[in-house]
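# Working through the structure, step by step
This is what each chain is made of:
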Amino acid sequence: MLSRLRIGPKLLLAPGAVLVLLLVLACAAYVALARQNDSLESIVGQRAASMRAAATLGTESHKAHADIYRYLSWIGGSFPPARTEPLRRDILAQHGRIAVGLATLAAGALSGAERRHVEQAAQAQRRYARAVRDVIELAPLDGSISANAMQKAEAAFALVDRRLSDLGALEDALSRQAAGSARADFRLISILMPALLVLAIALSLAITLAVRRILLGEIRDIGLAASSLASGNFTVRQRDYG
């Protein structure tokens, strides 16, 4: 096939092949950088934010649970409303922030498992918040009834704590998975890019040597034809001229 080409295309064949391979290499580098950027965005952006949010929600849930006991002790100690009312509002506000935080996590969930864990935690949190409101309403009326209501709230909080712990463990596992995916992509890139470079060099050398061999063969044929004519042989030999 190369022998049928004219000299100009033959000389341009090797540089053209190198340019095509360089274009392929540039495209592969772009795709690799885009994948690395997506991995870093997932680790640093989404996964880190989700882990931080899950840890913050767990801490705030424990604080709200401790505050309800503090509120009950203040009610039992006959503290004035001027002191207990701000604590009551703060407890309700904490539960509101926890609900908003869980809704935000659910909206930004990247996987079905993550969304399922967040929804389970939110459902448990709603039950716990209702139980806490019952305790707050009953505490000023009757201490024994509020204590019984607190047992229900305590069981609801145990479920919330378990759900939030499961969510934190899932976010940690997803972060590790994202980091492992980024490392795998980097290993693939570190193998693929040098392989493409070696392939470009090898193909360029192979095309160059093939063109050189064919050109030298044609020059030898011209020399043999000239020698044959000089010796008086005017026979025309059938052949393909490039």
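Our subject in this report is the structure included herewith. (Residues numbered from 1 in each chain as written. Predicted model: local features only at pLDDT ≥ 70, side-chain atom pairs only at ≥ 80, totals over all residues. Heavy atoms only, no water.)

## A few points about the overall build of the chain
The line we're drawing: Put simply, DSSP marks the helices as runs of H or I at least four residues long and the strands as runs of E at least two long, and each gets a number from the N terminus on. Burial here depends on accessible area, computed with a 1.4 Å probe over protein chains only, as a share of the maximum for the residue type. Under 20% is buried, over 50% is exposed, and the range in between is partly exposed. Throughout, a contact is declared for two residues whenever any of their heavy atoms are within 4.5 Å. Accessible surface is estimated by sampling points in the Shrake-Rupley manner with a 1.4 Å probe; for residues, cover comes only from the protein chains shown.
Within the chain, the regular secondary structure consists of four helices and zero strands. When the helices and strands of the chain are placed in sequence order, the string is α-α-α-α. Here the C-alpha coordinates of the chain stretch approximately 130 × 25 × 20 Å along the principal axes. Across the 242 residues of the chain, 30% fall into the buried class. Of the contacts formed within the chain by residues at least 6 apart in sequence, a portion of 80% connects residues at least 24 apart. Carbon and sulfur atoms form 65% of the exposed surface of the chain, whose accessible area is close to 15,000 Å².

## What about a nonpolar patch on the surface?
Heads up, the rule is: Residues form patches when they are more than 30% accessible in relative terms and have no salt bridge. Like charges link within 9 Å. Nonpolar side chains (Val, Leu, Ile, Met, Phe, Trp, Tyr) link within 5 Å. What makes a salt bridge here is a side-chain nitrogen of Lys or Arg within 4 Å of a carboxyl oxygen of Asp or Glu, nothing more.
The grouping of Leu197, Ile201 and Leu205 at the surface amounts to a nonpolar patch, some 280 Å² of accessible area in total. Its location among the elements puts leucine 197 in helix H4 (residues 143-230).

## Quick word on the packing of helix H2 (residues 81-107) against helix H3 (residues 112-138)
Heads up, the rule is: For every element, the axis is a line fit to its C-alpha atoms; helices are fit only across the contacting stretch, and the angle between N-to-C directions ranges from 0 to 180 degrees. In these notes the angle categories are as follows: under 35 degrees is roughly parallel, over 145 is roughly antiparallel, 65 to 115 is roughly perpendicular, and the rest is oblique. Crossings are assigned a handedness: left-handed for a near helix turned anticlockwise from the far helix by less than a right angle, right-handed for a clockwise turn. Three classes are used: nonpolar for Ala, Val, Leu, Ile, Met, Phe, Trp, Tyr, Cys and Pro, charged for Asp, Glu, Lys and Arg, and polar for all others, with Gly counted as polar.
Two numbers describe how H2 lies on H3: the axes approach to 9 Å, and their chain directions differ by 165 degrees. Between H2 and H3, the crossing angle belongs to the class labelled roughly antiparallel. Of the two possible hands of crossing, H2 and H3 adopt the one that is left-handed. Packed against H2, whose contacting residues are Arg88, Ile91, Leu92, His95, Ile98, Leu102, Leu105 and Ala106, the element H3 presents Arg115, Val118, Ala121, Ala122, Gln125, Tyr128, Ala129, Val132, Arg133 and Ile136 at the interface. Of the residues in the contact of H2 with H3, the class split is 13 nonpolar, two polar and three charged.

## Details of the packing of H3 against H4
Two elements in contact, H3 and H4, have axes separated by 8 Å at closest approach and are oriented at 160 degrees. Relative to H4, H3 is oriented roughly antiparallel. As for the relative orientation of H3 and H4, their crossing is left-handed in sense.

## A closer look at the nonpolar core
In plain terms, the rule: Nine residue types can take part in a nonpolar core, namely buried Ala, Val, Leu, Ile, Met, Phe, Trp, Tyr and Cys, and a core is a set of them joined through side-chain atoms within 4.5 Å.
Of all hydrophobic cores here, the largest spans 30 residues; its most connected members are Ile68, Tyr71, Ile91, Leu102, Tyr128 and Val135. Listing elements by their share of this core, those giving two or more residues are helix H1 (7-76), H2, H3 and H4. Ignoring anything within four residues of it in the chain, the contact list for tyrosine 128 reads Ala64, His65, Ile68, His95, Ala153, Ala156, Phe157 and Val160.

## What to know about H2
The following threshold applies: To estimate how far a helix should reach, multiply one less than its number of residues by 1.5 Å.
Under the 1.5 Å per step criterion, the end-to-end length of H2 is 38 Å for 27 residues, consistent within 8% with the ideal 39 Å. All of the buried residues in H2 are Thr84, Leu87, Ile91, Gln94, His95, Ile98, Gly101, Leu102 and Leu105.

## Quick word on the environment of leucine 57
Tracing the chain through its elements places leucine 57 in helix H1. Separated by 112 residues in the primary sequence, leucine 57 and alanine 169 place their C-alpha atoms 13 Å from one another. When neighbours within four sequence positions are excluded, leucine 57 is seen to be in contact with Arg97, Ile98, Gly101, Leu102, Leu105 and Leu164.

## Observations concerning a positive patch on the surface
Test applied: In this tally Asp and Glu are treated as negative and Lys and Arg as positive; neither His nor the chain ends contributes. Charge positions come from single atoms, namely NZ of Lys, CZ of Arg, CG of Asp or CD of Glu.
Together, Arg126, Arg127, Arg130, Arg133 and Lys152 make up a positively charged patch on the protein surface. For the positive patch, the leading source of residues is H3, giving four residues. Checked against the element boundaries, arginine 130 lands in helix H3. Assessed through its relative accessible area of 44%, arginine 130 is described here as partly exposed.

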